[in-house]
Amino acid sequence: MIEGIKENLRRVRCYHSANELEITLQAARDNEMSYMHFLDALLHKELEKRKEQRIMRYKKTANFPLIKTVEEFDFTFQTSITKRQIKEWQQLDWLERRENKIFMGPPGVGKTHLAIALAYTAVLNQYKVKFYTMNELMEDMVFAKEDARFNDFIRKLIKHDLIVIDELGYLPLKPIFANLFFEFVNECYEYRSLIITSNKLFNEWDAVFGNRTLATAILDRLLHHAEPVVIEGDSYRLKNTRKEFDLNAYSNMTKKVEKLVEKEEKVY
Ligand code: ADP
Ligand code: MG
């Protein structure tokens, strides 16, 4: 009989219940569970497993260059933003409200780190996320446009609840790119959330898009429901290299002194 039940569970696609059936039955016998508790336990396992697999799938399709977390972020080094603020954003109410986050600032201050950390939190909460660098997005959009499947591309992209666009503004955009980006932002407006990181402040976006009217139209939509954050300070990357540099400089200096001493010893 048990094999028949397992087969039927698989037929209705409850694969985990089928796999867990015997163990759960045994537990029910051992603990004198009621029928209701047994069924509840089996369904619970099915749903938990499905959730786990969904998160794994979303994590893969998000295409993060690497995973960064809020726990790894040193808020004593970067004081433009507080841990409390980021923790609050990890509650994801803004995502439910289809709002955007825009991180602006010089290189190395943690914009991409925070963008990924927030987006990863969204994945762990079963939201569909897509990570793109601006360059990759532009490339994909232009290819899609050339193949006359731009609308299709956008339709698929905005199936995601959250789209991260990293490094907007590193390169000025050709007019065709700027127009496609506007179309994309327009489609997302009040429908999907965006996290954008940029090394340019808003007053420099005219130059990025090469067109003031277009830049204004894009900003208008992005900022209507957005929280722009300017992150300043020293580069975290340089903080580390500076340390290495100093150590190298120190060790080179000591070697030089040693050599000098050696030479002087020879002279005398
Ligand atoms: P940005 O996108 O602003 O150029 P990143 O987020 O790529 O900078 O940060 C550069 C590197 O430094 C990354 O490896 C990131 O994890 C790390 N980093 C930056 N800021 C911090 C911070 N405050 N605490 C811990 N790591 C940081
Ligand atoms: Mg970055």
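Residues numbered from 1 in each chain as written. Chains lettered and ligands numbered in written order. Predicted model: local features only at pLDDT ≥ 70, side-chain atom pairs only at ≥ 80, totals over all residues. Heavy atoms only, no water.

This next bit is on the sheet that holds strand β5 (residues 226-230). On the basis of which strands lie adjacent, the open sheet formed by five strands has the order β2-β3-β4-β1-β5 and parallel pairing. Both edges of this open sheet fall to β2 (129-133) and β5, since each of them pairs with a single strand only. Each neighbouring strand pair of the sheet contributes to a mean axis angle of 10 degrees, computed without reference to strand direction. Both strand β3 (residues 162-168) and strand β4 (residues 193-198) contribute to a ladder of five bridges, which runs parallel. Across the sheet, the residue bridging to Leu162 is Ser193, located in β4. The sheet strands contacting helix α6 (residues 111-124) are β1 (100-104), β2, β3 and β4, and the helix crosses β4 at an angle near 165 degrees. (Pairing = 2+ DSSP bridges. Helix = DSSP H or I, 4+ residues; strand = E, 2+ residues; numbered from the N terminus. Axes fitted to C-alpha atoms, helices over the stretch in contact; angles between N-to-C directions. Contact = heavy atoms within 4.5 Å.)

Positive phi outside glycine occurs at Arg98, with the angle close to 60 degrees. You can see Arg98 is positioned in the loop between α5 (93-96) and β1. Arg98 sits in the partly exposed class, given a relative accessible area of 30%. (Buried < 20%, exposed > 50% of the residue type's maximum accessible area, 1.4 Å probe, protein only.)

Turning next to the site of ligand 1. Among the 15 residues in the neighbourhood of ligand 1, the closest are listed as Asp74, Gly108, Lys111, Thr112 and His113. At 2.7 Å, a backbone N or O of Gly108 approaches an oxygen atom of ligand 1. The separation between an oxygen atom of ligand 1 and a polar side-chain atom of Thr112 is 2.7 Å. Computed on the free molecule, ligand 1 has an accessible area of 560 Å², of which 87% lies beneath the protein chains in the complex. Those elements that place two or more of their residues in the shell around ligand 1 are α6 and α12 (236-267). Per-element tally for the shell around ligand 1: the top contributor is α6, with three residues. (Near = heavy atom within 4 Å. Polar contact = N/O pair within 3.5 Å; in protein donor to acceptor, adjacent residues only side chain to side chain. Areas by Shrake-Rupley, 256 points an atom, 1.4 Å probe, with all protein chains shown as cover.)

Of all hydrophobic cores here, the largest spans 35 residues; its most connected members are Leu137, Met141, Ile165, Phe181, Phe184 and Phe209. If you list the elements that add at least two residues to this core, you get β1, α7 (134-146), α8 (150-157), β3, α9 (175-188), β4, α10 (205-209) and α11 (212-224). Among the elements that line this core, the one with the most residues is α9, at seven residues. The residues contacting Phe209, other than those within four sequence positions of it, are Leu168, Leu173, Ala178, Phe181, Ala215 and Ile218. Counting 32 residues, the second-largest nonpolar core is a separate cluster that includes Trp89, Leu95, Leu118 and Tyr127. (Core = buried A, V, L, I, M, F, W, Y, C linked by side-chain atoms within 4.5 Å.)

A few words on α11. In a regular helix each residue adds 1.5 Å, so 13 residues correspond to 18 Å; α11 covers 18 Å between its end C-alpha atoms and thus fits that length. Along α11, the positions that sit buried rather than exposed are Leu214, Ala215, Ile218, Leu219 and Leu222. Buried positions in α11, seen along its axis, are confined to an arc of 125 degrees and lie on one side of it. Relative to its buried face, α11 has exposed residues pointing more than 90 degrees away, namely Arg212, Thr213 and Asp220. Where α11 is buried, its residues contact β1, α9, β4, α10 and β5. The backbone nitrogen of Thr213 has a side-chain oxygen 3.0 Å away, supplied by the residue at the start of α11, namely Asn211. (Expected span 1.5 Å × (residues − 1). Arc of directions from axis to C-beta.)

In contact at an axis separation of 10 Å, α7 and α9 are set at 95 degrees when each is read in the N-to-C sense. The angle between α7 and α9 places the two elements in the roughly perpendicular class. Where α7 abuts α9, its residues Met134, Leu137, Met138, Met141, Val142 and Lys145 lie against Phe177, Leu180, Phe181 and Phe184. When grouped by side-chain class, the residues that make up the contact of α7 with α9 number nine nonpolar, no polar and one charged. (Parallel < 35°, antiparallel > 145°, perpendicular 65-115°, else oblique. Nonpolar A, V, L, I, M, F, W, Y, C, P; charged D, E, K, R; others polar.)

Here we take up the pairing of β2. Within a regular strand, side chains alternate between the sheet's two faces. Of all five residues in β2, five are buried; the element is thus mostly enclosed. Residues Val129, Phe131 and Thr133 point to one face of β2 and Lys130 and Tyr132 to the other, with burial holding for every one of them. In this sheet, β3 lies alongside β2 in parallel orientation, the contact comprising five bridges. What sits directly across from Tyr132, in β3, is Ile165.

It is worth stressing that arrangement in space is one thing and function is another; only the former is reported here.
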